[in-house]
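One-letter residues, chain by chain:
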Amino acid sequence: MPNLSPKGVKWLKGFHLIAVGSWIGGAISLLALYFLKRDVTDGGVLFGINRSIHHVDMNIVVVPGAIGSLLTGLCYSIFTQWGFFKHNWLTFKWIVTLTAILFGTFCLGPWETAMMEISGKIGITSLSDPAYLYNQQMNLMFGTLQVLVLLITIFISVFKPWKGKKQAT
């Protein structure tokens, strides 16, 4: 495959940064929205918060940002000199990106959807429902962990701490 021109790489970098910013910024926003639930006394408001969290996650910022990060990362690997596994820090980024997307799809997303569905059915009593509380705890705990790992990945990308595999031998 031909490499992108320097101007093309700058455009790609811009789109990659927008996607990463959307993914991580959206995830941080989701965590912040959880704290709105503390003083809620109305089931409709609780459902509205959970529905907003779900909508911001699935349709507006987080999932599109994650997919954008993956796609622009693929473009970087294919159309620049970086490749897929040329450097250990790139391998780390691929592992984190794919793991985070899969974990979000099969764990965080279903926990979030369950909270929305439960609060839509039973309203404010969700805050004492064991299934709701479990989903909320898992989502908050592992969502926070995922955000931290993604933030660390940004710094791995900036500092590129490990030598290339070819240089390490």
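Bear in mind the structure is a predicted one, so any value in this text is a computation, not a measurement.

Rules used in this analysis
- Residues numbered from 1 in each chain as written.
- Predicted model: local features only at pLDDT ≥ 70, side-chain atom pairs only at ≥ 80, totals over all residues.
- Heavy atoms only, no water.
- Core = buried A, V, L, I, M, F, W, Y, C linked by side-chain atoms within 4.5 Å.
- Buried < 20%, exposed > 50% of the residue type's maximum accessible area, 1.4 Å probe, protein only.
- Helix = DSSP H or I, 4+ residues; strand = E, 2+ residues; numbered from the N terminus.
- Contact = heavy atoms within 4.5 Å.
- Expected span 1.5 Å × (residues − 1).
- 1 Å grid on protein atoms, 1.4 Å probe; cavity = no way out; pocket = protein on both sides within 12 Å on 5 of 7 lines; lining within 4 Å.
- Points joined across faces, edges and corners; volume = space filled by probe spheres on them.
- Nonpolar A, V, L, I, M, F, W, Y, C, P; charged D, E, K, R; others polar.
- Arc of directions from axis to C-beta.
- Polar contact = N/O pair within 3.5 Å; in protein donor to acceptor, adjacent residues only side chain to side chain.
- Phe/Tyr/Trp six-rings, centres within 6.5 Å; stacked < 30°, edge-to-face > 60°.
- Lys NZ or Arg CZ within 6 Å of the ring centre and 35° of its normal.

### Notes on the nonpolar core
Part 1: Grouped together as the largest cluster of nonpolar side chains are 20 residues, with contacts concentrated most on Trp 23, Tyr 34, Ile 53, Tyr 132 and Leu 150.
Part 2: Sorting the residues of this core by element identifies α1 (6-34), α2 (43-60), α3 (62-79), α4 (88-122) and α5 (130-159) as the ones contributing at least two each.
Part 3: Residue contributions to this core peak at seven residues, all from α1.
Part 4: Residues contacting Trp 23, with those up to four places away along its chain left out, are Val 61, Val 62, Gly 65, Ala 66, Ser 69, Thr 97, Ala 100, Ile 101, Gln 146 and Leu 150.

### Some details on α3
Note: α-helices contain 3.6 residues per turn, so residues at a spacing of three or four share the same orientation.
Part 1: For α3, with 18 residues, the first-to-last C-alpha span of 25 Å sits near the 26 Å given by 1.5 Å per residue.
Part 2: On its buried side, α3 packs onto α1, α2 and α4.

### Here we look at the layout of surface pockets
Part 1: In this structure, the largest pocket occupies an estimated 650 Å³ of space.
Part 2: Together, 27 residues line the largest pocket, and His 16, Tyr 76, Trp 89, Lys 93 and Ser 157 are the ones closest to its centre.
Part 3: Of all the secondary structure elements, the ones that give two or more residues to the lining of the largest pocket are α1, α3, α4 and α5.
Part 4: Tallying contributions element by element places α1 first for the lining of the largest pocket, with eight residues.
Part 5: Its residues assigned to classes, the lining of the largest pocket shows 15 nonpolar, eight polar and four charged.
Part 6: In this structure, the second largest pocket spans a volume of roughly 380 Å³.
Part 7: Asp 57, Val 62, Gly 104, Leu 108 and Gln 146 are, among the 23 residues lining the second largest pocket, the residues nearest its centre.
Part 8: Of all the secondary structure elements, the ones that give two or more residues to the lining of the second largest pocket are α1, α2, α3, α4 and α5.
Part 9: At seven residues, the largest contribution of residues to the lining of the second largest pocket is made by α4.

### Some words on unusual backbone geometry
Part 1: Even without a glycine there, the phi angle at Lys 160 is positive, about 45°.
Part 2: Mapped onto the fold, Lys 160 is located in the loop between α5 and α6 (165-168).

### Notes on α2
Part 1: In this model, α2 (18 residues) spans 24 Å end to end at C-alpha, consistent with the 26 Å of a helix rising 1.5 Å per residue.
Part 2: For α2, the set of buried residues is Gly 43, Leu 46, Ile 49, Asn 50, Ile 53, His 54 and Asp 57. Seen along its axis, α2 keeps its buried residues to an arc of 135°; they face one direction.
Part 3: Considering only its buried residues, α2 is in contact with α1, α3, α4 and α5.
Part 4: The distance from a side-chain oxygen at the start of α2 to the backbone nitrogen of Gly 44 is 2.8 Å, and the residue carrying that oxygen is Asp 42.

### Description of the packing of aromatic side chains
Part 1: Within this structure, the stated rule accounts for nine aromatic pairs.
Part 2: Between Phe 103 and Trp 111, the aromatic rings sit 6.0 Å apart at their centres with planes inclined by 80°, giving edge-to-face as the arrangement.
Part 3: Accessibility expressed as a relative area gives 14% for Trp 111, which makes it buried.
Part 4: Here the guanidinium or amino end of Lys 160 rests over the ring plane of Trp 89, the centre of that ring lying 4.8 Å away.

Purely spatial values, then, with no claim about function.
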